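Given next are the chains, with one letter for each unit.
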Amino acid sequence: MFEPLKPIPPGRRAVLGVLFFALFFAAWAGATYGGLVKPLFLADPLKTLNAGVTLFVEFGFAKDIVMTIWRVVGGFVIAAAIGVPLGIAMGAFKPVEAFFEPFISFARYLPASAFIPLLILWAGIGESQKLALIFIGSFFQIVLMVAVTVGATRMDMVEAAYTLGADRISIVRRVILPGSAPQIAETLRLVLGWAWTYVIVAELIGASSGIGHMIMDSQRLLDTGQMIFGIVVIGLIGLVSDFLFKTLNERLFPWNLAR
Amino acid sequence: MSRLKIEGVARVFPGVRKGPPTQALQPTDLEVADNDFIAILGPSGCGKSTLLRIVAGLDQPSAGRVLLDGEPITSPGPDRGMVFQSYTLFPWLSVRDNIAFGLRERGVPEAEQEAVVRRYVERTGLEGFENHYPRMLSGGMQQRTALARALANDPAILLLDEPFGALDNQTRALMQELLLGIWEADRKTVLFVTHDIDEAIFMANRVAVMSARPGRIKTELRIELPHPRHYRMKTTPEFAAYKARLTEEIREESIRAATMQP
């Protein structure tokens, strides 16, 4: 059963995956209904669900969700729109890489959340501050990861294209870009996941809407049910966006999976 | 008439980490006539691939020059089609689009592209695989496609860098016959690099034997076996005589290569 790297049948895989969720809920229910944890610190599953219903029905939580998604997508799209072309230019052309790489490698380690006070100073507490934070959190990662992907283009494939008559523009357009596209899409999927953590941080401070703002509000009211529900919603949206991205990638790049 | 002329081509690679430079190729001359099939035979590391890469324009000689139809070669171009030992098909393109890569580059009309692709799909035995992606193909099928891709461009000369080196013996034998059949049909000028003596004798009209590193062409041997050649030819006494002779030549170089100081 525990042979290294041995695949398991899909049926058993699904069962095991669901099993963990079941155990998780069972432990949660056991801890709360069994009185092991005070309700003040951890709401029980039913209460959490009820809190969720209340949030949607009475407090317009759907609007918060839409706000949050809008911010993530907005900041992420801006970061990708600039970061992907720059990353491609860096990966394909070594002088461009030599020019930008040292700074971007440094900037990548600047923690995005540490910029919040500055960003509030520069951009207030409006939408542009939230977008800016997500941009800072995603941009440098995208640039570097795309540059590495593009730079790893197989040289013998480039040479083959040259012997078939390709010029420099064709090498980029017909070899480097299509060859790197799946990995670039994979990078975007990964960074989108990180963007989700930044948006919540942005909304915890100085926001009047969004999932993070709701969680902050609920803390003031000590409503652990709502807080947990908010966190679970973030997880679910992340799961769904990840799934959509994956499906899209498989559709766009069938050759990458062909066996 | 000579189509390709290699004149005093040498290659020195700069030293790594302040080490001494490496001479990969001593000044080498070779003339390739139209419709010739020349095999460059040598032990590993003798610089035979370097020589071929210089002809392709993928590497620059440290001295000397290469002329194709009288014109010096400075960069790669579609007049010198190449098949590599590694699998270099574009994985995102189907077999059809891989073969049409060079045609699309030149802006050949769609209908004509389709006709050329069909012709080379037939000649390389790829019927039914036109829509497959390279990942779905065996190594032999991938090299057939690579051969079709190079031929579809109708190059003046075909450069083959151990194209069957990574294939198993049976597949390799079939590929040799396939390539030979194509050559016998239209006599395209071929420069074929290999370390396999049987392969060199079976395919080529002329075998150029290279010395151990730093390589140079030390012997040229004309192979007077009649065409069309058949795989059974490999067991004839004539074939064996060529093999005995080349084995001696190569063995000497292999021993020198194996005992050489780094």
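Nothing here was measured: the structure is a model prediction, and the numbers come from that model.

Novice: Would you mind going over the sheet that holds strand β6 (residues 80-83) of chain B in detail, with residue names and values included?
Specialist: All names here are of chain B. The sheet built from six strands is open, its strands ordered β6-β7-β8-β3-β9-β10 with mixed pairing. Only two strands of the sheet have a single neighbouring strand rather than two, namely β6 and β10 (217-222). Averaged over all neighbouring strand pairs, the angle between strand axes comes to 20°, with direction disregarded. Taken together, the four bridges between strand β3 (residues 37-41) and strand β9 (residues 206-210) define a ladder with parallel strand orientation. Each residue of the ladder has a partner; that of Ala 39, found in β9, is Val 207.

Novice: Report on the interface of chain B and chain A, specifying residues and quantitative values.
Specialist: Across the boundary between the two partners, chain B contributes 23 residues, which contact 16 residues of chain A. For the side of chain B that touches chain A, the elements supplying multiple residues, two or more each, are β6 and α3 (101-105) of chain B. For the side of chain B that touches chain A, the class distribution of residues is twelve nonpolar, six polar and five charged.

Novice: Run through the packing of helix α2 (residues 45-58) of chain A against helix α10 (residues 224-252) of chain A, naming residues and quoting values.
Specialist: For any two helices packed against each other, the geometry comes down to the angle between their axes and how far apart the axes lie. All names here are of chain A. Remark: α2 packs on α10, axes separated minimally by 8 Å, with the N-to-C direction vectors making an angle of 80°. When the axes of α2 and α10 are compared, the pair comes out roughly perpendicular. Residues Lys 47, Thr 48, Asn 50, Ala 51, Gly 52 and Leu 55 of α2 pack against Gly 225, Gln 226, Ile 228 and Phe 229 of α10. Class assignment of the residues belonging to the contact of α2 with α10 gives a composition of four nonpolar, five polar and one charged.

Novice: Describe the sheet that holds strand β4 (residues 63-68) of chain B, naming the residues involved and giving the relevant values.
Specialist: The strands making up a sheet are joined through hydrogen bonds of the backbone, oriented either antiparallel or parallel. All names here are of chain B. Here four strands make up an open sheet; going across it, the order is β2-β1-β4-β5 and the pairing antiparallel. The sheet terminates laterally at β2 (22-33) and β5 (71-72), the two strands that pair on one side only. Bridge analysis of strand β1 (residues 2-13) against β2 gives eight bridges, and the strand direction is antiparallel. Bridge assignment links Val 12 to a residue of β2, and that residue is Gln 23. Set on the sheet, helix α1 (residues 48-56) makes contact with β1, β2 and β4; between it and β1 the angle comes to about 120°.

Novice: Can you explain α2 of chain A? Please cite residues and give values.
Specialist: Residue and element names in this part refer to chain A. For α2, built from 14 residues, the straight-helix expectation of 20 Å at 1.5 Å per residue is met to within 8% by its first-to-last C-alpha distance of 20 Å. Listed in full, the buried residues belonging to α2 are Thr 48, Ala 51 and Leu 55. Projected down its long axis, α2 shows its buried positions confined to an angular sector of 60°, all on one face. Across α2 from its buried face, at more than 90 degrees, point the exposed residues Leu 46, Val 53, Val 57 and Glu 58. For α2, the secondary structure elements touched by its buried residues are α3 (61-92) and α10. The positive-phi residue at the C-terminal boundary of α2 is Gly 60, with phi of around 55°.

Rules behind the numbers
Here the residue numbering is sequential within each chain, running from 1 through the sequence in written order. For this description, chains carry letters from A and ligands carry numbers from 1, given in the order in which they are written. This being a predicted model, a pLDDT of at least 70 is required before a residue's local features are given, and a value of 80 or more before pairs of side-chain atoms are given or counted; all residues contribute to the totals for chains, interfaces and linings. At least two bridges found by DSSP between two strands are what make those strands a pair. Helix and strand assignments follow DSSP, with helices taken as H or I runs no shorter than four residues and strands as E runs no shorter than two, numbered in order from the N terminus. Helix axes are fitted to C-alpha atoms over the stretch in contact, other axes to C-alpha atoms as well, and angles between N-to-C directions run from 0 to 180 degrees. What counts as a contact is two residues whose backbone-derived C-beta atoms lie within 7 Å of each other. Three classes are used, and their members are as follows: Ala, Val, Leu, Ile, Met, Phe, Trp, Tyr, Cys and Pro are nonpolar, Asp, Glu, Lys and Arg are charged, and the others, Gly among them, are polar. Relative orientations are named as follows: roughly parallel for angles under 35 degrees, roughly antiparallel for angles over 145 degrees, roughly perpendicular for angles from 65 to 115 degrees, and oblique for any other angle. A helix is expected to reach a length of 1.5 Å times the quantity of its residues less one. With C-beta atoms placed from the backbone, a residue counts as buried when 20 or more other C-beta atoms lie within 10 Å of its own, as exposed when 12 or fewer do, and as partly exposed for counts between those limits. Here the arc refers to the directions that run from the helix axis out to each C-beta atom.

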